[in-house]
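# Notes for the structure review
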Amino acid sequence: MSRIGVVGLGMMGNPMAHLLHEAGYALVVKDADPQAEQRFVQAHPGTVSASGPQSFAECDVVMTMLPNSDIVDKVVNELAPHLKRGACIIEMSSADPNRTRALVGLLRERGAGLIDAPVSGGVKKAVNGTLSIMVGGEPADFERCRPILEKMGKDITHVGPAGSGHALKALNNYVSAAALIATAEAVHAGAAFGIDPETVVNVINASTGKNNTTENKAHQYMLNGAFNSGFSLALQAKDVGIAAKLGPSLGLPMDLAQKVSAMANDASAKLGKAADHTELYKYVAKE
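Computed from a predicted structure; not experimentally measured.

### What about the overall build of the protein chain?
Looking only at helices and strands, the protein chain has 13 helices and nine strands in total. Rg of the C-alpha trace for the protein chain: 20 Å, near the compact-globule value of 19 Å for 287 residues, within the 12% margin. Dimensions of the protein chain along its principal axes, counting C-alpha atoms only, are 65 × 45 × 30 Å. Taking all 287 residues of the protein chain together, 49% fall into the buried category. Pairs at least 24 residues apart make up 66% of the contacts formed inside the protein chain by residues separated by at least 6 positions. Counting only carbon and sulfur atoms, one obtains 55% of the accessible surface of the protein chain, whose full area is about 13000 Å².

Right under this line is the structure:
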């Protein structure tokens, strides 16, 4: 697999594509922002800027890192007629798992494959190549693409059939969002009772309530008012929404997920598209 296509050069896709270039792969790239695309091409000798979906015809693999399922569906449908037989799409966005399964069927009819391989770890781990990657799809496709995934991630797990990676990513982000909201509520309640917020977080970190927010977000982005973790509230709301819809589709109400989804959506609407997800801390306090 010497030639890889990359669609999506945003905050995550750019450093991930950079690692593939550093590993010696020849890249064909495309981004909705022409300037971001040209900056990447200029910084990575040998990289080709795609003129359209036909530019990916000779790629063995095409990696997509896109904002949502609507865009994923559009891109995959545009790519499908041009992919060579045996090619595989590595879909690394946070997307709807049921829609992912439909795309797998579309590509299979054309002799191509797709694995869903969303990531966890944020921009920092995308830069240093230590992302957690959860993969759904055919085991043979996973093994064929594993060397590529290993250039971008550290913990790489095949979690099940097509769509399983996207399902687990949404569920993970739901659990993360629930913990963030619970942490914010606890900090504000402690402060109202007269306990210093720093103390609240430090004690939780030494106790059973310790979680990713208390360890990696509260001091770093919330209590200091920075709110610049690099992951948007709008994207978090989207991911939690996927999880909240997944449960009922499987006969599981997931009542807490419905509540967390409603709060994330309301916060995103009130704080705006530019809001960082750590700004849920302000939303919880109704600031």
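### Points about the layout of surface pockets
In this structure, the second largest pocket encloses a volume near 210 Å³. Around the second largest pocket sit N68, S69, D70, D96, R99, A237, K238, G241, I242 and K245, which together line it. When contributions to the lining of the second largest pocket are tallied by element, the ones reaching two or more residues are α3 (69-79) and α11 (233-249). When residues of the lining of the second largest pocket are assigned to their parent elements, the largest contribution, five residues, is made by α11.

### Observations regarding the pattern of salt bridges
For the structure shown, the criterion picks out ten salt bridges. Two residues, E143 and R146, come together in a salt bridge whose shortest N-O distance is 3.1 Å. Here R146 and E143 lie together in helix α6 (residues 139-149), a separation of three residues that amounts to about one turn. Given a relative accessible area of 44%, E143 falls into the partly exposed group. Residue class for R146 comes out partly exposed when judged on its relative accessible area of 27%. Residues joined by salt bridges that share partners form a network here, namely D70, D73 and R99.

### Thoughts on the packing of aromatic side chains
Under the criterion given, the structure shown has zero aromatic pairs. Directly above the ring of F227 sits K282, whose terminal nitrogen or CZ lies 5.0 Å from the centroid. If you follow K286 out to its NZ or CZ, it ends over the ring of Y283, 4.2 Å from the centre.

### Quick word on the pairing of strand β6 (residues 113-116)
The side-chain alternation of β6 yields two buried faces, one formed by G113 and I115 and the other by L114 and D116. Where strand β5 (residues 88-91) meets β6, four bridges bridge the pair, whose relative direction is parallel. Within β6, the position partnered with I89 by the bridge is L114. For the handedness criterion, the β-α-β arrangement of β5, helix α4 (residues 97-109) and β6 is classed as right-handed.

### What to know about the pairing of strand β8 (residues 131-136)
With five of its six residues buried, β8 lies for the most part within the structure. Alignment of β8 against strand β9 (residues 153-160), held across six bridges, turns out to be parallel. Directly across from I133, in β9, lies its bridge partner I156.

### Section: the environment of A167
If you trace the backbone, A167 turns up in helix α7 (residues 164-193). Overall, A167 belongs to the buried group, its relative accessible area being 15%. C-alpha of A167 to C-alpha of V135: the two residues are 32 residues apart in sequence and 10.0 Å apart in space. Aside from chain neighbours lying at most four places away, what touches A167 is P97 and L246.

### Concerning α3
If you check which residues of α3 are buried, you get S69, V72, D73, V75, V76 and L79. Next to the buried residues of α3 lie β1 (3-7), β4 (61-64), β5 and α4. Looking at where α3 begins, the residue whose side-chain oxygen comes 3.1 Å from the main-chain nitrogen of D70 is N68.

### Focus: the nonpolar core
Formed by 31 residues in total, the largest nonpolar core has its most connected members in M16, M92 and L149. Of all the secondary-structure elements, those providing two or more residues to this core are β1, α1 (13-22), β2 (26-30), α2 (34-43), β4, β5, β8 and α6. Tallying contributions element by element places α6 first for this core, with four residues. Contact partners of M16, with chain neighbours within four places excluded, come to M63, M65, M92, V119, A126, L131 and M152. By size, the runner-up hydrophobic cluster in this structure holds 28 residues, among which are A243, A244, A275 and V284.

What counts and what doesn't
Residues numbered from 1 in each chain as written. Predicted model: local features only at pLDDT ≥ 70, side-chain atom pairs only at ≥ 80, totals over all residues. Heavy atoms only, no water. Helix = DSSP H or I, 4+ residues; strand = E, 2+ residues; numbered from the N terminus. Rg over C-alpha atoms; globule rule 2.2 N^0.38 Å. Buried < 20%, exposed > 50% of the residue type's maximum accessible area, 1.4 Å probe, protein only. Contact = heavy atoms within 4.5 Å. Areas by Shrake-Rupley, 256 points an atom, 1.4 Å probe, with all protein chains shown as cover. 1 Å grid on protein atoms, 1.4 Å probe; cavity = no way out; pocket = protein on both sides within 12 Å on 5 of 7 lines; lining within 4 Å. Points joined across faces, edges and corners; volume = space filled by probe spheres on them. Salt bridge = Lys/Arg side-chain N within 4 Å of Asp/Glu carboxyl O. Phe/Tyr/Trp six-rings, centres within 6.5 Å; stacked < 30°, edge-to-face > 60°. Lys NZ or Arg CZ within 6 Å of the ring centre and 35° of its normal. Pairing = 2+ DSSP bridges. Right-handed = clockwise from strand over helix to strand, strands pointing away. Polar contact = N/O pair within 3.5 Å; in protein donor to acceptor, adjacent residues only side chain to side chain. Core = buried A, V, L, I, M, F, W, Y, C linked by side-chain atoms within 4.5 Å.

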